[in-house]
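# Notes for the structure review
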Amino acid sequence: MTDDSEPTDDDTISGLSRSDPLAAVSPLDGRYASRTAPLSPYASEAALMRARTRVEVEYLIALADLDATPIGLDETAREALRGLYAEFSADDARLIKALEVEGAAGYAATNHDVKAVEYFLRVRLDELANADEGDGQSVRSDEPIGDAESLYPWIHFGLTSEDVNNLAHRLLIKGAVSEAIVPAIREVRDALADLAREHRDTPMLARTHGQPATPTTFGKEMAVYAARLGRALGRVVVATGDLSGKLAGASGTYAAHEAAYPDVDWRAFAESFVRGLGLEHTPLATQVNPCDDLAALFDALRGVNNVLLDLDLDVWLYVSDRYLGQRTVEGETGSSTMPHKVNPIDFENSEGNLSKANADLTFLADYVTDSRLQRDLSDSTVKRNVGAALAHCLIGYSKADDGLSKVVPNETVMREELEATPEVIGEAVQTILRREGDTDAYERVKELTRGRSVTLDDFRELFDTLDVDEDVRAELKALTPAGYTGVADDLVDEIDE
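Residues numbered from 1 in each chain as written. Predicted model: local features only at pLDDT ≥ 70, side-chain atom pairs only at ≥ 80, totals over all residues. Heavy atoms only, no water.

As named in an unreviewed UniProt entry, the protein chain is Adenylosuccinate lyase, taken from Halorubrum laminariae.

Shown next as structure tokens:
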């Protein structure tokens with residue numbers, strides 16, 4: 001690379017443009033572009049421009065509703081103004097970028113992304129003011145905006161950039177989580193619930209500390225994950241609903257607003273405005289929104305990811321133990337050298353992406369809640385990476401869902417291993433004997449089984465020596481590993497709908 005970071009001829013790959021996914025710097029916009037596409041309306045720079053435009057337009061309209069201000073906007077004007085963000089286009093985004101970095105439409109370069117939106121609105125207001133019906137403008141009548149210049153002072157009136165940014169970011173994050181992240185989590189949760197119900201009574205050896213333990217069913221184990229994921233999802237939904245915005249000026253004191261119109265209840269105005277955008281209101285802030293709400297959401301997403309990371313690890317081990325097989329995909333290569341392999345790649349991919357997401361979410365949660373004194377700008381660049389963290393989440397969820405759609409419980413292997421591990425009924429034996437008043441029940445079974453290979457016949461020989469009623473002896477002899485699953489199948493019904 002040259003000093004100015006422009007690719008040299010030797011570095012350039014012939015025929016690849018920067019817009020080609022194969023040239024993307026990040027796999028989020030390259031290899032995984034199709035999986036992260038649902039986040040583009042919320043995580044792209046153009047999306048942030050549009051959200052800022054929405055905040056500025058709605059703020060201008062809200063100011064017009066105050067008796068104290070001389071702003072007159074009829075319904076036609078309001079509809080035209082709202083069209084500026086409702087019909088926001090690539091050309092709009094390019095104009096805002098040009099206003100920021102090189103200057104456009106008679107304005108010098110702002111070198112400030114929010115100021116560029118303010119000037120963008122001036123440009124579009126001029127166009128609306130001079131529009132004729134049928135000239136291609138998205139308006140309902142001639143001259144929907146009368147005197148555009150009279151509205152210039154009221155765009156961004158009394159605001160600091162963070163008033164706009166904190167609201168815009170939360171609108172985007174709320175949309176991204178509600179429309180892309182939450183549905184993807186629900187799909188995984190539903191897939192787990194389906195597996196749980198289908199295999200509710202499929203017996204399986206459980207392991208605690210990696211050692212054979214009391215049997216369970218595959219369905220019950222999947223039900224545990226479905227329930228955990230459902231609870232974690234609920235925390236995400238609550239945290240999303242708690243996203244909270246501020247509109248309080250440069251130091252959070254409403255000073256500029258109060259100086260201009262001291263008779264207006266600006267705190268009530270701000271609360272009404274923020275809630276009108278679908279957000280909770282933060283009344284106490286510095287220049288920045290404290291961002292505790294974002295940290296809570298990021299932590300809630302980490303909770304979801306931790307559940308699925310646990311699932312990814314367990315399923316990987318189940319595949320390794322041959323408890324789970326995987327449906328093959330026609331033409332797919334499992335290994336470049338071993339043709340027989342069907343690797344658990346979806347769960348491995350999910351694990352990697354969710355681990356990366358958690359690293360990003362932890363960093364974000366810690367970082368956005370800190371700010372030097374009343375404000376520093378380091379948070380600005382950091383918040384631009386929220387979309388990347390959400391993208392890794394989305395890839396992880398979709399890969400886990402793909403993997404679950406392919407796994408097939410190998411009931412034969414599960415039963416064979418249960419039959420080969422009869423010592424797991426030892427818990428039931430000593431518990432029944434305790435019920436019958438045998439004070440040495442635990443020690444008796446321990447002596448038979450600990451550190452030894454035993455068979456069901458060994459247990460039955462023990463049962464024949466016990467001083468118990470015949471019905472108790474029959475009860476003990478009826479015990480089998482596959483049948484010792486308690487109410488595991490009924491527990492599947494504990495999954496919340």
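Next comes the rest of the write-up.
### Looking at the overall build of the protein chain
Quick note on the threshold: Helix and strand labels come from DSSP, where a helix needs a run of H or I of at least four residues and a strand needs a run of E of at least two; each type is numbered from the N terminus. Just to be clear, the radius of gyration here is over C-alpha atoms, and the globule rule we use is 2.2 Å times residues to the power 0.38. Residue burial is assigned from relative accessible area. The probe radius is 1.4 Å, only protein chains are included, and a residue is buried under 20% of its type maximum, exposed over 50%, and partly exposed in between. Whether two residues are in contact is decided by their heavy atoms: any pair within 4.5 Å suffices. Residue-level accessible areas treat just the shown protein chains as cover; the underlying method is Shrake-Rupley with a 1.4 Å probe. Charge counting treats Lys and Arg as positive and Asp and Glu as negative, with His and both chain ends excluded. Charged groups are reduced to one reference atom each: NZ for lysine, CZ for arginine, CG for aspartic acid, CD for glutamic acid.
Secondary structure assignment for the protein chain yields 21 helices and 6 strands. Whereas a compact globule of 497 residues would reach a radius of gyration of roughly 23 Å, the protein chain reaches 31 Å, over 25% beyond that. Projected onto its principal axes, the C-alpha coordinates of the protein chain cover approximately 100 × 60 × 45 Å. In the protein chain, which comprises 497 residues, the share counted as buried stands at 48%. Across the protein chain, contacts joining residues at least 24 apart in sequence account for 75% of those joining residues at least 6 apart. Surface summary for the protein chain: the accessible area is close to 25000 Å², and the carbon and sulfur share equals 47%. Counting 49 positive and 92 negative side-chain charges, the protein chain places the centres of these two groups 4 Å from one another.

### Things to note about the pattern of salt bridges
Should their charged atoms come close, side chains of opposite charge can pair. Our working rule: Should a side-chain nitrogen of Lys or Arg be within 4 Å of a carboxyl oxygen of Asp or Glu, the pair is scored as a salt bridge.
Counted under the stated rule, the structure contains 34 salt bridges. We note a salt bridge from Asp438 to Arg444, for which the minimum N-O separation is 3.0 Å. For Asp438, a relative accessible area of 18% translates into the label buried. On the basis of relative accessibility, which here comes to 30%, the residue Arg444 falls in the partly exposed class. Note that Lys477 and Asp464 form a salt bridge whose closest N and O atoms lie 2.7 Å from each other. Of the two residues, Lys477 sits in helix α20 (residues 470–477) while Asp464 sits in helix α19 (residues 456–465), which places them 13 residues apart along the sequence. For Lys477, a relative accessible area of 31% puts it in the partly exposed group.

### A word on the pairing of strand β2 (residues 211–217)
Quick reminder of the rule: Between any two strands, at least two bridges found by DSSP are needed for them to pair.
Note that strand β1 (residues 203–208) and β2 share 5 bridges and pair antiparallel. Looking across to β2, one finds that Ala206 is bridged to Ala213. Between the antiparallel neighbours β1 and β2 lie 2 residues, among them His209 with a positive phi of about 60°.

### With respect to the UniProt feature "domain: Adenylosuccinate lyase PurB C-terminal" (unreviewed entry) in the protein chain
Definition in use: UniProt positions are given in the numbering used here, feature names are shortened, and annotations may be inferred rather than shown by experiment.
Per the UniProt record, "domain: Adenylosuccinate lyase PurB C-terminal" (unreviewed entry) is found at residues 371–485. In residues 371–485, the share of helix is 63% and the share of strand is 3%. The end C-alpha atoms are 54 Å apart.

### Regarding the environment of Glu475
Along the chain, the position of Glu475 falls in helix α20. Judged by relative accessible area, which is 31%, Glu475 ranks as partly exposed. Residues Glu475 and Ile432, 43 residues apart in the sequence, show an inter-C-alpha distance of 8.9 Å. Dropping the residues within four chain positions of it, Glu475 is found in contact with Ile432 and Arg435.

### Considering a negative patch on the surface
Heads up, the condition is: Only residues whose relative accessible area exceeds 30% and that take part in no salt bridge are eligible for patches, with like-charged residues grouped when within 9 Å of each other and nonpolar side chains (Val, Leu, Ile, Met, Phe, Trp, Tyr) grouped when within 5 Å.
On the surface, a cluster of negative charge is contributed by Asp194, Glu198, Asp201 and Glu411. One can find Asp201 in the loop between α8 (161–198) and β1.

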